[in-house]
Structure formats: structure tokens, C-alpha cells
Amino acid sequence: MRLVDLPRFPLATLPTPLDEAPRLGAELGGIRVLVKRDDLTGLALGGNKTRKLEYLLGDALQRGATTVLTEGPVQSNHCRQTAAAAARAGLRCVLVLSGSELAPPVQGNLLLDYLFGATVQVVRTREERAALLAAEARACAERGERPYVIPTGGSTAVGAAAYVQATLELVQQLVARNARPTALYVATSTSGGTHAGLVLGARLLGDPFRVIGVAVEEDGEAIRRRVAALANETAAVLGLAVRIEDREVVVDDRWVGPGYGSADERTVEAMVLAARTEGLVLDPVYTGKAMAALIGDARTGAFQPGETVVFWHTGGAPAVFAHAERLAPAFRGERPVER
Ligand SMILES: Cc1ncc(COP(=O)(O)O)c(C=O)c1O
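Values in this document were obtained by computation on a predicted structure and should not be read as measured data.

A. Summary view of the pairing of strand 4 (residues 92-98). Strand 4 sits mainly inside the fold: 6 of its 7 residues count as buried. As paired elements, strand 3 (residues 67-73) and strand 4 share 7 bridges and run parallel to each other. Its bridge partner lying in strand 4, Leu-69 is registered against Val-94. Taken together, strand 3, helix 3 (residues 77-89) and strand 4 constitute a β-α-β crossover, and its handedness is right-handed. In this sheet, strand 5 (residues 119-123) lies alongside strand 4 in parallel orientation, the contact comprising 5 bridges. The residue of strand 5 that forms the bridge with Val-94 is Thr-119. Note that the unit made of strand 4, helix 4 (residues 108-115) and strand 5 has a crossover that is right-handed.

This is the structure:
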């Protein structure tokens, strides 16, 4: 199906701004940094999932769904945005979350999940989460509801198609201001839909820049394979004769730090630098790591002065509050942020 024919439920305020970040660029040796503000997509404190959910809920509504079900970690941005999107569409929302505590602190994204009226269940492991999600979907169907299950991160071909559209949006903005970036940085994961859509979108436009997916969890190779596979699946759904090879997908896995959900000093420093030069809120799980990669590359001479790079801000701000204990000392300057 052509991109323009995919059913779409309007949720996002588009186009998102493409902001200059001159003070950050000056700190990084005089490069030009452009920030694609998908933290401002407009739904429930913003983030990359809004774009995917436009297509996912479009699909759900076309199939007559009455209930959307999805899964993720306790502080999932995707789950928070799904809960809000379901509210907007008048659908019931069931979230199956996993984390080390069965009664996690109700704050950040989890607090908002409840605010949007989602039914929330918490389990310990990803395996239990997948099993419970399937059981919940069956129970919905038995009660006469029409369940629509959205996998982790909304990263289906339909969800990733949103980031093909988003690439077109970015390139239009770049053309309008005659900007020619050499690289684009975006946080990526084993869900991979954002990265896959951007890789496919860039390919369709002749690869105008390198799309650098910055891994937020271990196993860069698995992410690379997943992103290529999902990009190809998306191309097939959109009827495009394009093939992305695994080796063409760039995944930088040097910035993961202690693992998914944990920020090291480089990530915290990136959050502090972006905040204090540009007033940007990055998060410790995704965007802080992506910015740490951009900063690290700039400091090791990857770019010439005047060169343009794009930072794709994918949102995630509510998680900042859930990490207050770890972050507060660094923000208050009690502990130096190591370089
Ligand atoms: C703030 C943020 N950035 C990036 C990502 C990664 O996006 P994807 O699931 O498309 O790989 C997520 C996923 O939850 C996210 O919440």
C-alpha cells in the first residue's frame, strides 16, 4: 500500500520544528547542530511514538478495534503515549509492563499511564510480559472486545512507515534552508522502528546523510539486523522495490554504558550540556545516549568546523523524573560530571 493510502489517525502536531543549536555547536568545535524536535510531537508530552501511533491507531480503527494492548518497561514512553492515543481515539488501553519491582514507584511515565486511564499490569520479566499480553488479548476477545496488539515500541512495518514520512519532512526542511548535513544521530534499540523508517526514508531520497543509530542497549549486531529486516518489511508493505543490507545500517554501540535504562557519566554530561547550552531536556535512557555519541564524535574530530549534523530528538522527558535520585547530584553540581 502506498504511504499516502495508509490509514492514519491524527495525533501529532507536524511538522515538528528543526531548531538551530548554535551554543551547543560552538561548544563542539564550531559545527552546526540542527535538532529535529520530535519531543514536540504534541501528544502527552511528545516523543517519537506519536508518529507511529498515528498509523498504528489508523490501522486499529480500520479493523474495528475496541481495545489496544501493548507492552514495555515500567518507564516506557511508548506505553505512556499509547495510553494517551487510545484516550483520544476512544479505545480502551491495556498495558503490560515489566520491571524489577512488582509495585514500582508511580511516577514519570507510569504516573501518566494511570492518568490516561490505562489498565496497567506489572510483571518481572520480558517473558512473563509477553505471555501476559497474549493472555490479556485472548481475555478481551472472549469478553467480546476487539483487541489490537501493538508490539514493543510500536515497531511494526506500519509504525516504521511513520519515520519514512518523517524523513521526507526533515529533508523538505533542510532543502528550504539549504542545509546539507553529513550525519543524523538518533537513539535506537532492538525495537528499531524509528531507525528503520529513517534508513528507508534516507535510501528513498538517495542517502543524503549517514543515519547513525546510537544503541541504548547491548548487542549492536542484533539491532543492526533488526533494523535492516524491519526496513525491508516496511518497504514491502509500502510496495517499494528497495533492499537494505544489514551492513548498510550504522549502529554505534559504544554509548550504552551499564545497559538499558542506566546512564553513565557521558550520558549525564550530554544531558547537562544540551540543557545548559540550548535549554533542551534529554532523557537518561535514549536521547542522552544519542547526544553523548554526537558529542563524543565531535570531540574526536569526526566533523570539520562548519559541518552540519542533525540530532533527532525522540522525546522521553518523563523518564527524567523517574531517575531523579541518580541525576540530582550531577544537576546540582555536587558531583563533577566527568568528561
Ligand atoms: C525517547 C525514545 N527514543 C528512542 C526510542 C527508540 O525508538 P524505537 O522503539 O523506534 O527503536 C524510544 C523507544 O521507546 C524512546 O522512547
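B. Molecular detail of the side chain of Thr-234. In this fold, Thr-234 is placed in helix 8 (residues 220-237). Excluding residues that lie within four positions of it along the chain, Thr-234 makes contacts with Ala-157, Ala-160, Ala-161, Val-164 and Leu-200.

C. Highlighting the layout of surface pockets. Put simply, the second largest pocket is a space of about 150 Å³. Considering the residues around the second largest pocket, the lining is formed by Val-199, Ala-202, Arg-203, Asp-207, Phe-209, Arg-210, Val-211, Glu-248 and Val-250. Where the lining of the second largest pocket is concerned, the elements lending two or more residues are helix 7 (193-204) and strand 8 (210-215). The greatest single-element share of the lining of the second largest pocket, amounting to 3 residues, is contributed by helix 7. A per-class count over the lining of the second largest pocket returns 5 nonpolar, no polar and 4 charged.

D. Broad picture of the nonpolar core. With 65 residues, the main nonpolar core has Val-68 and Leu-184 as its most contacted residues. No other element matches helix 6 (residues 157-176), which puts 10 residues into this core. Both domains that meet at this core, namely domain 1 (3-47 + 155-331) and domain 2 (49-154), each give it at least three residues. Once residues lying within four places of it in the same chain are set aside, the contact partners of Val-68 are Leu-57, Ala-60, Thr-82, Ala-86, Leu-91, Arg-92, Cys-93, Val-94, Tyr-148 and Ile-150. Counting 35 residues, the second largest nonpolar core, distinct from the first, contains Ala-21, Met-271, Met-291 and Ala-293.

E. The sheet that holds strand 6 (residues 147-150), seen in detail. Taken in spatial order, the 4 strands make up an open sheet running 5-4-3-6, and their pairing is parallel. At either margin of the open sheet sits one strand with a lone partner, and together these are strand 5 and strand 6. With direction set aside, neighbouring strand axes in the sheet form an average angle of 20°. The strands touched by helix 5 (residues 126-142) within the sheet are strand 3, strand 4, strand 5 and strand 6, with strand 3 carrying the most contacts at an inclination of about 170°.

F. Representation of the site of the ligand in the model. Lining the immediate environment of the ligand, one finds 14 residues, of which Lys-49, Lys-52, Ser-191, Thr-194 and Thr-314 sit closest. Taking Lys-49, its side chain carries an N or O atom lying 2.7 Å from an oxygen atom of the ligand. Gly-193 places a polar main-chain atom, nitrogen or oxygen, 3.2 Å from an oxygen atom of the ligand. Taken by itself the ligand offers 390 Å² of open surface, and the protein chains cover 97% of this. Those elements giving two or more residues to the shell around the ligand turn out to be helix 2 (49-62) and helix 7. Here the residues of the shell around the ligand sort into 1 nonpolar, 11 polar and 2 charged.

About the criteria used
- Residues numbered from 1 in each chain as written.
- Predicted model: local features only at pLDDT ≥ 70, side-chain atom pairs only at ≥ 80, totals over all residues.
- Heavy atoms only, no water.
- Buried < 20%, exposed > 50% of the residue type's maximum accessible area, 1.4 Å probe, protein only.
- Helix = DSSP H or I, 4+ residues; strand = E, 2+ residues; numbered from the N terminus.
- Pairing = 2+ DSSP bridges.
- Right-handed = clockwise from strand over helix to strand, strands pointing away.
- Contact = heavy atoms within 4.5 Å.
- 1 Å grid on protein atoms, 1.4 Å probe; cavity = no way out; pocket = protein on both sides within 12 Å on 5 of 7 lines; lining within 4 Å.
- Points joined across faces, edges and corners; volume = space filled by probe spheres on them.
- Nonpolar A, V, L, I, M, F, W, Y, C, P; charged D, E, K, R; others polar.
- Core = buried A, V, L, I, M, F, W, Y, C linked by side-chain atoms within 4.5 Å.
- Domains from an automatic or database assignment.
- Axes fitted to C-alpha atoms, helices over the stretch in contact; angles between N-to-C directions.
- Near = heavy atom within 4 Å.
- Polar contact = N/O pair within 3.5 Å; in protein donor to acceptor, adjacent residues only side chain to side chain.
- Areas by Shrake-Rupley, 256 points an atom, 1.4 Å probe, with all protein chains shown as cover.

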